[in-house]
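# Observations on chain architecture
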Amino acid sequence: MTEVKIVNKGKHQLPAYSTEYSSGMDLRANIDEFVVLEPLQRTIVPTGLYIQLPEGYEAQIRPRSGLAAKFGVTVLNTPGTIDADYRGEVKIILVNLSNENFIIKDGERVCQMIIAEYTKVQLLEVDVLEETVRGAGGFGHTGTN
């Protein structure tokens, strides 16, 4: 298991996996008073967490399905990316896509954080790409839903 260093300057417990096979850890709002998120409004929510990822890893910030399905609240830049050289506080951009106000309370689980390994590549500029069966077929090209 890969270790990730974390500093918790917030007032809540460290993120943890909630089930044996969870891929993400819930992050909590670390705020002094509740925030009213109006319809189509966005806000940046502090977590009080600072992480040090190993080289070759990133943290992905993703919405919580319950907030999205029940309240229309989601992470705006999904997935948000935290690079291995970032040392600032982890903050979450939330947006309210519903028609009703949503109240963010201190300690509210606002998103999931997934730690993922990635590979860097070297781009090689060429004049022509190899052909495939799919070719340039894009959005909806297979005709299936």
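On a predicted model such as this, the values are computed, not experimentally measured, just so you know. (Residues numbered from 1 in each chain as written. Predicted model: local features only at pLDDT ≥ 70, side-chain atom pairs only at ≥ 80, totals over all residues. Heavy atoms only, no water.)

## Thoughts on the pairing of strand S11 (residues 109–117)
- As defined by bridge partners, strand S2 (residues 25–28) adjoins S11 across four bridges and the pair is classed as antiparallel. Each bridged residue has a counterpart across the sheet, and for Leu27 the counterpart in S11 is Cys111.
- One ladder, built from six bridges, connects strand S6 (residues 57–62) with S11; its direction is antiparallel. When the bridges of S11 are listed, Glu58 appears paired with Ala116. (Pairing = 2+ DSSP bridges. Helix = DSSP H or I, 4+ residues; strand = E, 2+ residues; numbered from the N terminus.)

## Things to note about the pattern of salt bridges
- Applying the stated criterion to the full structure yields four salt bridges.
- The closest approach of N and O atoms between Lys11 and Asp106, which form a salt bridge, is 3.7 Å. Note that Lys11 is positioned in the loop between strand S1 (5–8) and S2 and Asp106 in the loop between strand S10 (102–104) and S11, a separation of 95 residues in sequence.
- With its nearest N and O atoms 3.5 Å apart, the salt bridge here joins Asp26 to Arg64. In this pair, Asp26 is assigned in strand S2 and Arg64 in the loop between S6 and helix H1 (65–71), connecting sequence segments 38 residues apart. Comparing Asp26 with Arg64, the two get one shared label, buried.
- A single salt-bridge network, built from bridges that share partners, covers Lys11, Asp32 and Asp106. (Salt bridge = Lys/Arg side-chain N within 4 Å of Asp/Glu carboxyl O. Buried < 20%, exposed > 50% of the residue type's maximum accessible area, 1.4 Å probe, protein only.)

## A look at the environment of Glu89
- Counting through the fold element by element, Glu89 comes out in the loop between strand S8 (80–82) and strand S9 (91–96).
- Overall, Glu89 belongs to the buried group, its relative accessible area being 16%.
- Sequence-wise, Glu89 and Gly138 are 49 residues apart; in three dimensions their C-alpha atoms are separated by 38 Å.
- Residues contacting Glu89, with those up to four places away along its chain left out, are Pro46, Thr47, Gly48, Leu49 and Tyr50.
- From its side chain, Glu89 meets the backbone nitrogen of Thr47 in a polar contact 3.2 Å long. (Contact = heavy atoms within 4.5 Å. Polar contact = N/O pair within 3.5 Å; in protein donor to acceptor, adjacent residues only side chain to side chain.)

## Description of the packing of aromatic side chains
- On inspection of all chains with the given rule, the structure shows one aromatic pair.
- When the ring of Phe71 is compared with that of Phe102, the centres are 5.2 Å apart and the planes differ by 50°; the resulting orientation is tilted. Of this pair, Phe71 sits in helix H1 while Phe102 sits in strand S10, and the two are 31 residues apart along the sequence.
- Among the residues examined, Phe71 registers a relative accessible area of 40% and is labelled partly exposed. (Phe/Tyr/Trp six-rings, centres within 6.5 Å; stacked < 30°, edge-to-face > 60°.)

## Considering the layout of surface pockets
- There is about 300 Å³ of room inside the largest pocket.
- In terms of lining, the largest pocket is formed by 15 residues, of which the most central are Thr2, Val4, Tyr17, Met25 and Ile115.
- In terms of residues, the lining of the largest pocket owes the most to one element, S11, which gives four residues.
- Grouping the amino acids of the lining of the largest pocket by side-chain chemistry returns 12 nonpolar, one polar and two charged.
- Taken as a whole, the second largest pocket holds about 150 Å³ of empty space.
- Considering the residues around the second largest pocket, the lining is formed by 13 residues, among which Ile61, Asn77, Lys91, Ile92 and Ile93 are closest to the centre.
- Only S8 and S9 provide two or more residues apiece to the lining of the second largest pocket.
- Counted by class, the lining of the second largest pocket contains eight nonpolar, three polar and two charged residues. (1 Å grid on protein atoms, 1.4 Å probe; cavity = no way out; pocket = protein on both sides within 12 Å on 5 of 7 lines; lining within 4 Å. Points joined across faces, edges and corners; volume = space filled by probe spheres on them. Nonpolar A, V, L, I, M, F, W, Y, C, P; charged D, E, K, R; others polar.)

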